[in-house]
Amino acid sequence: MAYRISINDSSFIAPSQLGFEANNGINLYKDFQITGTDFSTKDEVWTQPWGENKSIRNHYNEVAIHLKDSKATRLTIRFRAFDDGIGFRYEYQVPNIDSLFIINELTEFNIANNGVSWSIPANFETYELLYRTLPINKVETANTPMTFKTDNDIYASIHEAALTDFPEMTLKQTEACNFKSELAPWPDGIKARFAGGNVTTPWRTIQIAKEAVGLINSGLILNLNEPCALETTDWIKPMKYVGIWWGMHLGVETWTMDDRHGATTENAKRYIDFAAANNIEAVMFEGWNEGWESWGGMQTFDYTKPYADFDIVEVARYAKEKNIQIIGHHETGGNIPNYERQLDKAYKWYADLGIHSVKTGYAGAYPGGYWHHSQYGVRHYRKVVETAAKYHTTIDAHEPIKDTGIRRTYPNMMTREGARGMEWNGWSEGNPPEHHELLPFTRLLAGPMDYTPGTFDILYEKTRNSPKRKKWNDLDKGNSRVNTTLAKQIANWVILYSPLQMASDMIENYENHPAFQFFRDFDADCDWSRALAGEPGEFVVVVRKAKQNYFLGASTNEEARTINIKLDFLEKGELYKATIYADGKDANWETNPTDYQITEQIVTANESLSITMATGGGQAISFMPVDE
Ligand code: NOJ
Ligand code: CA
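Scope of this entry: the structure provided in the associated data block. (Residues numbered from 1 in each chain as written. Chains lettered and ligands numbered in written order. Predicted model: local features only at pLDDT ≥ 70, side-chain atom pairs only at ≥ 80, totals over all residues. Heavy atoms only, no water.)

## Examining the site of ligand 1
Neighbouring residues of ligand 1: 13 residues in total, closest His249, Glu286, Glu331, Lys359 and His398. A distance of 2.6 Å is found between an oxygen atom of ligand 1 and a side-chain nitrogen or oxygen belonging to Glu331. In this structure, an oxygen atom belonging to ligand 1 sits 2.7 Å away from a side-chain N or O atom of His398. For ligand 1, whose free accessible area comes to 290 Å², the fraction covered by protein is 97%. Classifying every residue of the shell around ligand 1 gives 4 nonpolar, 3 polar and 6 charged. (Near = heavy atom within 4 Å. Polar contact = N/O pair within 3.5 Å; in protein donor to acceptor, adjacent residues only side chain to side chain. Areas by Shrake-Rupley, 256 points an atom, 1.4 Å probe, with all protein chains shown as cover. Nonpolar A, V, L, I, M, F, W, Y, C, P; charged D, E, K, R; others polar.)

Next up, the structure:
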């Protein structure tokens, strides 16, 4: 069995194998006969409670090919062709078996032309790796989304949708430009195990576009997910947040309870006051519960025992009084059994305190030799989303399974990490300037990311020589910093979409800072988004509409550049005050990152703006209607 894809009569995916291998002589890939073929079409618009776009058009042609082998195994392969790509999945029915073990996936993506690609290497344990720009035929392994541009100018990205009770798919190049699926295994080498013989796989997807930004503007991944499964969603709200977090990464505060403890009652109240005074909906506290002494060791966190200097009842009361939401935190260190034992109790306990949003973390290996991205891991992450939903709680998962669009089905699965985020700048060589122009064309095609942008003290001038600072991470060489300009940090709040968007610096670095006005004005609850221009690893310009306001973010890699942007996305006939947060004249990410300027201008939809960015720089603009 094989498939191929042509675009306007030219080959895009050359004949590529389909199917799986199973154990015990069960056949899932050969000697099938076609028993029927159903063609159908769908064209609908559906809406979601939050997202880059609240309404999405789902328009495709489908062919379902029904097959049967000599032992009565049935298979339907369902293909959907959209204007922005394709998806296909396998639906197996193997009669009279108690269990089915998949030992290998045979699916190939045989890219017909070489070209350039952007990806991280395949790894069943982590996505926190640097992106590589490589000729397609030089990629040995890749995690998805793997994005590429062929020599005949087609942009595309291979990924998967609706990853449910299955291991993640990674890619391995087997011959020139031909990539085969490699699934994350169980410790015994089996890739996926099922009770009974009825198995529907996740969708294998390829987003396809003429322009690079077409990939960002595609709704394909969400369209291939099931509709919302939750009875109500009015409790799910996008929010901006600050938190007790960056001080730990910079080494001036601790997660554990000692004289440098970050999450104290007093400090928590200071953050709540700051949020309340700055139009920020939520605060997040890490290091509030017992168990941090065991991080990196036994990983025995307790999710209902606050440290003695963190009076959670009082903190929750104070937050409520100030109308601020608390984002709780569950670090597991990867100890899934310990977490699952407490899961229900922990979510109920938080909910009883009025805490309905939780950041989770899996910084550490799973006991028992399970991979983070295996079927075991996928099941766990889903169990957490479902348990949280029971208590009307939203999830922000760090060290997650990759996003495959399940937020459509479970809108409480709001955001996740799943790439190198801001934390890496705290204690390593950091993320290079091009990282932020790669993420939107790779990782973010999968869905929102909790990157946690917004460091204003770019060179750590306030903390580097502080007597409180202690090295805690082996990668810390003492010379870490943020590798962007200040304006680019602001732009990233718009570009790196997250419905829970953090201003991640310590609040003292925002106090009285004129450029923080952008975050005060920013609205995490957007209605509509459009990527206007960009090339992977080079630059990107994104605009989002939230209620009557628009927010634009533009950023560039190490190349300084000027981009002309038409404002025709604004409402015709309206006057807007544009507040422009730009790189200063002498800004340079390496030598002068904090030089910025703020200017104001009245604009309409008929005008254009010329966006000038320094090396490693960016620009953010808020557009607010002027009352006439
Ligand atoms: C890694 C997460 O990405 C980070 O945000 C968190 O602070 C640490 N783990 C500790 O939980
Ligand atoms: Ca992380």
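## Observations concerning unusual backbone geometry
In this structure, Pro145 follows Thr144 across a cis peptide bond, with omega equal to 0°. Structurally, Pro145 can be placed in the loop between β13 (141–143) and β14 (146–150). Even without a glycine there, the phi angle at Ala162 is positive, about 60°. Note that Ala162 resides in the loop between β15 (155–161) and β16 (169–175). (Helix = DSSP H or I, 4+ residues; strand = E, 2+ residues; numbered from the N terminus.)

## Section: the packing of helix α4 (residues 265–277) against helix α5 (residues 312–321)
Closest axis-to-axis distance for the α4/α5 pair is 10 Å, and the angle between their directions is 15°. If you check the angle between α4 and α5, you find them roughly parallel. In the crossing of α4 with α5, the sense of the turn from one axis to the other is right-handed. Residues Thr265, Ala268, Lys269, Ile272 and Asp273 of α4 form the contact with α5, whose own contacting residues are Glu314, Val315, Tyr318 and Ala319. Considered class by class, the residues forming the contact of α4 with α5 number 5 nonpolar, 1 polar and 3 charged. (Axes fitted to C-alpha atoms, helices over the stretch in contact; angles between N-to-C directions. Parallel < 35°, antiparallel > 145°, perpendicular 65-115°, else oblique. Left-handed = near helix turned anticlockwise from the far one by under 90°. Contact = heavy atoms within 4.5 Å.)

## Let's talk about the packing of aromatic side chains
Tallied over the entire structure, the rule returns 52 aromatic pairs. A ring pair is formed by Phe20 and Phe166, whose centres lie 6.0 Å apart and whose planes are at 80°; its orientation type is edge-to-face. Remark: Phe166 occurs in the loop between β15 and β16 and Phe20 occurs in strand β3 (residues 20–22); sequence separation between them is 146 residues. A relative accessible area of 0% places Phe20 in the buried class. Assessed through its relative accessible area of 0%, Phe166 is described here as buried. In this structure, Arg193 packs its charged tip against the face of Phe101, placed 4.6 Å from the ring centre. (Phe/Tyr/Trp six-rings, centres within 6.5 Å; stacked < 30°, edge-to-face > 60°. Buried < 20%, exposed > 50% of the residue type's maximum accessible area, 1.4 Å probe, protein only. Lys NZ or Arg CZ within 6 Å of the ring centre and 35° of its normal.)

## Focus on the sheet that holds strand β32 (residues 576–583)
Reading across from one edge, β28-β29-β30-β35-β32-β33 is the order of the 6 strands in this open sheet, with antiparallel pairing throughout. The two strands at the open ends of the sheet, each matched to only one other strand, are β28 (528–535) and β33 (596–603). Averaged over all neighbouring strand pairs, the angle between strand axes comes to 15°, with direction disregarded. Strand direction decides the pairing type here: strand β30 (residues 549–556) and strand β35 (residues 618–625), joined by 6 bridges, are antiparallel. Note that in β35 the partner of Tyr550 across the bridge is Phe623. (Pairing = 2+ DSSP bridges.)

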